[in-house]
Amino acid sequence: MSATVTLAQLYPEELGVAGDRGNIMAIRERLARAGASVSVVEHRVGGTLPSDADLVLIGNGPLSAIRNIYDDLQTIAPELRALAGNGVPIFAYGSGAELLGHDVTLLDGAVIAGLDVLPFRTTRVTERKVGYVIVDTPLGQVVGFEDNASLWQLDSDAAAFGTLVAGGGNGDGTHEGVVLGSSIATQVGGPVLPLNPLLTDALIRSIASRRDFDYAPGTAHADLDRYATRAREVISANAKHVFSRI
Amino acid sequence: MSSLSGLKYFVPVVLGKAVRALAKIRGGGSAFPGYVTTKLAPRFLEDVTGQFRHGIVYVLGSNGKSTTTHMLTEVLRGHGLKVFTNPSGANLPQGIASSILAESSVFGRLDADIGVLEVDEAFALEFAATVPPSTVLVLNTQVDQLYRFYETERVADMMLDTAQQAKLHIVTNREDPYLSKIAKRYKAGDATTAPDITYFGASDEVIAKAPHGLFNATDYRDADLAPEPHAALAELVSTDRTGASITVRGEVVDVVLPAKGLHYGIDAAAAIATAAIILGDDFEGSSAAKAFAAMKPAYGRGELLAITNRQGGEEQVEFVMFKNAASLQLNLDALPEPPEQVLFAIDEGTPDISWIYDIDFTGLDHIDVITGAKAWQIALRLEHDGMKIGAVEPDLRKAIDLMKAMPKPNTGMKTWIVNYEIMMLARKQIGFLELENQR
Ligand SMILES: [Zn+2]
């Protein structure tokens, strides 16, 4: 395989406080071990979003940092919508994902308008959900760590990323995240992609099918997979542990 | 103070001490006795600490509270002051109350010239109403414990609000974007009346040499994201393997640091700036340097402990303790070369470790044993870098056995890079008991 894959990460400083670099690292490393070459483009305020991006990633950051990128995000919205319209998957985590929904209602009632790229809206609440989270998805079981104070309300025709086995998810007691085509928005951190090779491989496969190359993990992936499996076992065993909030 | 006002504390203090003695026999918690006394005599803490000639100093910050509290305490003692301080980590209000109670006479007297208290930033403002600070030292605002605070800005405000409770002096970090702007909170952008504001910092050369910077949080609420420039009373001008040079009032003070690392150098500048502003003309660089030279390393920060390996050989364990991304990265950056034998450990005491993907591990060329409940997660992270990993053994006792089975390293020293909880457990397992008051 000799494909070159372009990953675009939006605002790595402002929306990259939750180990979001790890999500990039997982995709890059698994592609590289399958023989692909990978180029990571970090989009910063004032930059231009690459029109040939194969995957767009956005991560988590505090409200204070959102102030800093908000105008730029509005500026690149047409390019982002064009990519999504061309079937380029978006992988969105945390507050970055929330900005791609309809809107975000803050604790004081203020509303931040989102880009309407993903079919959900967010309400920030006082009670935090913190701890390990387990979600059954059509791809298989996804585990990670959640840390947020957000309720996600999906559009009536929208599909959730999965069903909760442990943790708080969207806040409705049942669902986690939202999917639209090959795009995924989730509040499962940890970061989620290194911990869940099945999810990472699903994202890679949607890139591969769009770009028309073959992707199959092999022996070069064995250690990554083995460590992920053991890490997931411990997380599943410890998921009942609720981290106290002081 | 009259004997009459002293007597009013007799019953509450005796009761508190009795509860404390019982709690100790039962091996129980240390916060409850403080609760008993403060309930029976709510003004007890303020009255006791109000007798200190130089008042109370709060030490706040995302990182380095324990270390700096220790440094400041020893520098002040080096100037002949009697200093009261709380045990490292016992930084919640009831814990501090209990340690004040433990050292108070039954008449509500505590023989000290000054109190230096490490205070948890989330409780500091509330605690200031009970034990008003004369000086507040704020070390740094780092992206830390997001599971607890979420917004770094919120932590910054907790500390800035507390600093403004200081009756005499605010001492803070010129290199920290949030903290460097504290003067803006006062009318006309400057606190011309009490409290006065003093800065510590590091020279441009020192900062430029730091591979990953200082890790202070970006101030996104201000159009100017960077720190505000100020003159620093104490400035870190160089660091080397064992120490640092700090200029204060035109004098260069060479200090021995408890452990390698830029953050320890900045903590030392913070302690020196605070001592200098409190002591005024009585501050002497030579006394400060002498105090640093005599300082024992704080628990887990550069501490060397003797162990016997499986072959019966005597070696040392060097503990490198971290709390978060900033302290781990700064500790790794301070390694003079990749350590020969390395144990790396994190357990559930650090709930969210997603930040390990932001760490640059090039300071290590291999890891012998990874342990703790998060061991597999760490191995997964390091496999993404292609790091050479000897063994992954989540059970700490077995992991320590694996380290002991390795031959004595050429340096005579094994390096254990651990979070706080593992440090406490590992210390016990190699036969070093927990001390009640490490200072
Ligand atoms: Zn817990």
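Okay, so let's go over this structure. Here the structure is a predicted model, which is why all the values come from computation and not from measurement.

1. Re the overall build of chain A
- Scanning chain A for helices and strands turns up six helices and 12 strands.
- For chain A, whose C-alpha radius of gyration is 17 Å, the value lies close to the compact-globule estimate of 18 Å for 246 residues.
- Overall, the C-alpha framework of chain A stretches about 50 × 45 × 35 Å when taken along its three principal axes.
- By the burial criterion, 57% of the 246 residues in chain A qualify as buried.
- Residue pairs at least 24 apart in sequence account for 69% of intrachain contacts in chain A once pairs closer than 6 positions are excluded.
- Across chain A, the 19 positively charged side chains and the 28 negatively charged ones have centroids separated by 5 Å.

2. Examining the sheet that holds strand β5 (residues 169–173) of chain B
Residue and element names in this part refer to chain B.
- Pairing is mixed in the open sheet, where nine strands are placed in the order β2-β3-β1-β4-β5-β6-β7-β8-β9. The open sheet has two edge strands, β2 (83–85) and β9 (251–256), and neither has a second partner. In this sheet, adjacent strand axes meet at a mean angle of 20° when their direction is disregarded.
- Where strand β4 (residues 135–138) lies against β5, four bridges are found, and the strand directions are parallel. Within β5, the position partnered with Val138 by the bridge is Thr172.
- The strands touched by helix α9 (residues 152–163) within the sheet are β1 (56–60), β4 and β5, with β4 carrying the most contacts at an inclination of about 155°.

3. Quick notes on the nonpolar core
Residue and element names in this part refer to chain B.
- Ranked by size, the top nonpolar core spans 47 residues in total, and within it Leu76, Phe200, Val255, Ile272 and Phe283 carry the most contacts.
- The element best represented in this core is helix α11 (residues 262–279), accounting for 13 residues.
- Apart from the residues within four sequence positions on either side, Val255 is in contact with Thr242, Gly243, Ala244, Ile246, Ala268, Ile272 and Phe292.

4. Digging into empty space enclosed by the protein
All names here are of chain A.
- For the structure on display, the rule yields six cavities of 30 Å³ or more.
- In this structure, the largest cavity spans a volume of roughly 60 Å³.
- Lining the largest cavity are 11 residues, with Asn60, Gly94, Asp147, Asn148 and Gln187 sitting closest to its centre.
- For the lining of the largest cavity, the secondary structure elements donating two or more residues are α3 (94–100) and β8 (140–154).
- Tallied by class, the residues present in the lining of the largest cavity amount to two nonpolar, six polar and three charged.

5. Thoughts on the packing of aromatic side chains
All names here are of chain B.
- Counted according to the given criterion, the structure contains eight aromatic pairs over all chains.
- Ring centres 5.9 Å apart and planes at 15° place the aromatic pair Phe322 and Phe344 in the stacked group. On the criterion of sequence distance, the pair formed by Phe322 in strand β11 (residues 314–322) and Phe344 in strand β12 (residues 342–345) is long-range, its members being 22 residues apart.
- Seen from their ring centres, Phe344 and Phe361 are 6.0 Å apart, and the 90° between their planes marks the pair as edge-to-face. A residue pair is termed long-range when its members are at least 10 positions apart, and Phe344 in strand β12 and Phe361 in the loop between β12 and β13 (366–371) qualify at 17 residues. Pair check on accessibility: Phe344 and Phe361 agree, each one buried.
- Ring pairs connect the aromatic residues Phe322, Phe344, Trp355 and Phe361, which therefore count as one cluster.

6. Comments concerning helix α6 (residues 222–238) of chain A
Residues and elements named next belong to chain A.
- The end-to-end C-alpha separation of α6 is 24 Å, in line with the 24 Å expected for 17 residues at 1.5 Å each.
- Of all the positions in α6, only Leu224, Tyr227, Ala228, Ala231, Arg232 and Ile235 are classed as buried. With its buried residues spanning 135° around the axis, α6 presents them on a single face.

7. Brief notes about the packing of helix α15 (residues 396–405) of chain B against helix α16 (residues 420–429) of chain B
Residue and element names in this part refer to chain B.
- Packing of α15 against α16 brings their axes to within 11 Å, and their N-to-C directions diverge by 60°. Here α16 runs oblique to α15, going by the angle between their axes. The hand of the α15/α16 crossing is right-handed. From α15, Leu396, Arg397 and Ile400 reach across to α16, where they touch Ile422, Leu425, Ala426 and Gln429.
- Its residues assigned to classes, the contact of α15 with α16 comprises five nonpolar, one polar and one charged.

8. Details of the pairing of strand β3 (residues 55–58) of chain A
Residue and element names in this part refer to chain A.
- Going residue by residue along β3, you find Leu55 and Leu57 tucked away on one face and Val56 and Ile58 tucked away on the opposite face as well.
- Direction of pairing for strand β1 (residues 4–10) relative to β3: parallel, over a ladder of four bridges. Among the inter-strand pairings, Gln9 is bridged to a residue of β3, identified as Leu57.
- Relative to strand β4 (residues 90–93), β3 runs parallel, the two sharing three bridges.

9. Some points on the sheet that holds β13 of chain B
Residue and element names in this part refer to chain B.
- In space, the six strands of this open sheet follow the order β10-β11-β15-β12-β13-β14, with mixed pairing throughout. In this open sheet, the two edge strands, each paired with only one partner strand, are β10 (301–308) and β14 (388–392). Averaged over all pairs of adjacent strands, the angle between strand axes in this sheet comes to 25°, irrespective of strand direction.
- Examined bridge by bridge, β10 and β11 share six bridges and lie antiparallel to one another. Residue pairing across strands places Leu304 opposite Glu318, the latter belonging to β11.
- In this fold helix α13 (residues 325–333) packs onto β11, β12 and β15 (413–419), with an angle of close to 135° to the strand it touches most, β11.

Cut-offs used in this document
- Residues numbered from 1 in each chain as written.
- Chains lettered and ligands numbered in written order.
- Predicted model: local features only at pLDDT ≥ 70, side-chain atom pairs only at ≥ 80, totals over all residues.
- Heavy atoms only, no water.
- Helix = DSSP H or I, 4+ residues; strand = E, 2+ residues; numbered from the N terminus.
- Rg over C-alpha atoms; globule rule 2.2 N^0.38 Å.
- Buried < 20%, exposed > 50% of the residue type's maximum accessible area, 1.4 Å probe, protein only.
- Contact = heavy atoms within 4.5 Å.
- Lys, Arg positive; Asp, Glu negative; His and termini not counted.
- Charge placed at Lys NZ, Arg CZ, Asp CG, Glu CD.
- Pairing = 2+ DSSP bridges.
- Axes fitted to C-alpha atoms, helices over the stretch in contact; angles between N-to-C directions.
- Core = buried A, V, L, I, M, F, W, Y, C linked by side-chain atoms within 4.5 Å.
- 1 Å grid on protein atoms, 1.4 Å probe; cavity = no way out; pocket = protein on both sides within 12 Å on 5 of 7 lines; lining within 4 Å.
- Points joined across faces, edges and corners; volume = space filled by probe spheres on them.
- Nonpolar A, V, L, I, M, F, W, Y, C, P; charged D, E, K, R; others polar.
- Phe/Tyr/Trp six-rings, centres within 6.5 Å; stacked < 30°, edge-to-face > 60°.
- Expected span 1.5 Å × (residues − 1).
- Arc of directions from axis to C-beta.
- Parallel < 35°, antiparallel > 145°, perpendicular 65-115°, else oblique.
- Left-handed = near helix turned anticlockwise from the far one by under 90°.

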